[in-house]
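# Breakdown of the fold
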Amino acid sequence: QVLLVESGGGLVQAGGSLRLSCVANGRTFNNYVMGWFRQAPGKERQFVAAIRWSYGTTYYLDSVKGRFTISRDSAKNTVYLQMNSLKPEDTAVYYCAAQTSSGNYYLMREYDYWGQGTQVTVSS
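What comes next is a walk through the structure. None of the values given here were measured: they were computed from a predicted structure.

### Observations regarding the packing of aromatic side chains
Enumeration according to the criterion identifies seven aromatic pairs in this entry. Considering the side-chain rings of Y59 and Y105, the 3.9 Å spacing of their centres and the 10° angle between planes classify their relative orientation as stacked. With a gap of 46 residues between them, Y59 in strand 6 (residues 58-60) and Y105 in the loop between strand 9 (92-99) and strand 10 (113-114) connect regions that are remote in the sequence. Lying across the ring of W114, R45 places its NZ or CZ 5.2 Å from the centre.

### What about the state of the cysteines?
Inspection of the entire model under this criterion finds one disulfide. The side chain of C22 participates in a disulfide bridge whose partner is C96; the two sulfur atoms lie 1.9 Å from each other. Looking down the S-S bond of the C22 and C96 bridge, the torsion is 50°, so its handedness is right-handed. Of this pair, C22 sits in strand 3 (residues 18-24) while C96 sits in strand 9, placing them 74 residues apart in sequence.

Each value, and the rule that gives it
Residues numbered from 1 in each chain as written. Predicted model: local features only at pLDDT ≥ 70, side-chain atom pairs only at ≥ 80, totals over all residues. Heavy atoms only, no water. Phe/Tyr/Trp six-rings, centres within 6.5 Å; stacked < 30°, edge-to-face > 60°. Helix = DSSP H or I, 4+ residues; strand = E, 2+ residues; numbered from the N terminus. Lys NZ or Arg CZ within 6 Å of the ring centre and 35° of its normal. Disulfide = S-S within 2.5 Å.

Spelled out as structure tokens, the structure:
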């Protein structure tokens, strides 16, 4: 069963915006932290942003600070990534992930569930 479903990826010009969504199907687990990671061809998957569900505390990769905003809608069981002022170097497959227990927000191994990924391509 697909637990996390992403949407919102696409092709945009540099300077454009996209809003990614990740819906958690069902409420059978507790979301301590929801995060976004990305992976470009030939590169390692890297942390992008995360939010602590209960506290609303947010964390960001340095290169996206001021441009990306992570948020959540508890009623919809959804996490969002608003991406503004996109750059070609933001091009990657973006994945959402969820922790079911409290862990380090930037570590992939701390996340228990992953979405299928959505492609974001930023052209020059």
